[in-house]
Amino acid sequence: EGMLKNGTDQHRVLILEELLKPSISNKNTGPCCAIELALDPIANYVVKSALECTKNGAQVEKLTEALNAHRMELSRSPFAKYVVAKLNTKRDTQYIDPETSKQVLDTGEGNF
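What counts and what doesn't
- Residues numbered from 1 in each chain as written.
- Predicted model: local features only at pLDDT ≥ 70, side-chain atom pairs only at ≥ 80, totals over all residues.
- Heavy atoms only, no water.
- Helix = DSSP H or I, 4+ residues; strand = E, 2+ residues; numbered from the N terminus.
- Buried < 20%, exposed > 50% of the residue type's maximum accessible area, 1.4 Å probe, protein only.
- Contact = heavy atoms within 4.5 Å.
- Core = buried A, V, L, I, M, F, W, Y, C linked by side-chain atoms within 4.5 Å.
- Salt bridge = Lys/Arg side-chain N within 4 Å of Asp/Glu carboxyl O.
- Phe/Tyr/Trp six-rings, centres within 6.5 Å; stacked < 30°, edge-to-face > 60°.
- Polar contact = N/O pair within 3.5 Å; in protein donor to acceptor, adjacent residues only side chain to side chain.

Moving on, we get to the overall build of the protein chain. Within the protein chain, the regular secondary structure consists of eight helices and zero strands. Put simply, the protein chain runs from its N terminus to its C terminus through helices and strands in the order α-α-α-α-α-α-α-α. Out of the 112 residues in the protein chain, the part that is buried amounts to 26%. Counting contacts in the protein chain only where the partners sit at least 6 residues apart, residues at least 24 apart contribute 53% of the total.

This is the structure in structure tokens:
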């Protein structure tokens with residue numbers, strides 16, 4: 001969790017790669033490691049931090065997709081509820097790149 005919050009972008013990329021690998025306990029056929037960690041009483045904070053701190057859009061999207069695929073299972077866990085809550089807030093605040101938002105504001109397009 002500390003490396004996600006305080007590490008370099010390079011560290012975050014490597015950590016996300018590990019989180020997205022298939023879980024060893026499921027013999028590499030089950031869900032990714034992030035699902036197992038989200039269900040853990042302590043490790044769920046690592047997954048939550050990964051959603052908060054990672055700047056690599058493709059990796060965040062993969063992580064979000066993996067977690068959403070198991071949303072029902074995660075929502076039943078008292079520990080994974082923090083991850084599900086973070087997924088809900090991420091869904092509500094989608095990233096808009098600055099150039100696009102400037103163009104929308106300049107042209108007056110959009111629902112304001």
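Once that is clear, we can look at the nonpolar core. With 18 residues, the main nonpolar core has A34, L63, L67 and L74 as its most contacted residues. At the level of secondary structure, the elements contributing two or more residues to this core comprise α2 (9-19), α3 (33-38), α4 (44-53), α5 (57-69) and α7 (81-92). Ignoring sequence-local partners within four residues, the contact set of A34 consists of L19, V47, L63 and L67.

Under the defined criterion, the tally for this structure stands at six salt bridges. Across the pair E1 and K5 runs a salt bridge, and its minimum N-O distance is 3.4 Å. The class for E1 is partly exposed, based on a relative accessible area of 39%. On the accessibility criterion, K5 (43% relative accessible area) is partly exposed. Here K48 and E52 are joined by a salt bridge, their closest N and O atoms 3.3 Å apart.

Let's shift gears to the packing of aromatic side chains. One pass over the structure, following the stated rule, counts one aromatic pair. Ring centres of Y45 and Y82 lie 6.0 Å apart, and the angle between their planes is 25 degrees; this geometry places the pair in the stacked category. Linking Y45 in helix α4 with Y82 in helix α7, this pair joins segments that are 37 residues apart in sequence. Exposure remark for Y45: the relative accessible area of 35% places this residue in the partly exposed category.

Along the polypeptide, K21 turns up in the loop between α2 and α3. Separated by 10 residues in the primary sequence, K21 and P31 have C-alpha atoms spaced 8.4 Å apart. Apart from the residues lying within four places of it in its own chain, the contact partners of K21 are C32 and C33. Reaching out from K21, the side chain makes a polar contact with the side chain of E18 at a distance of 2.9 Å.

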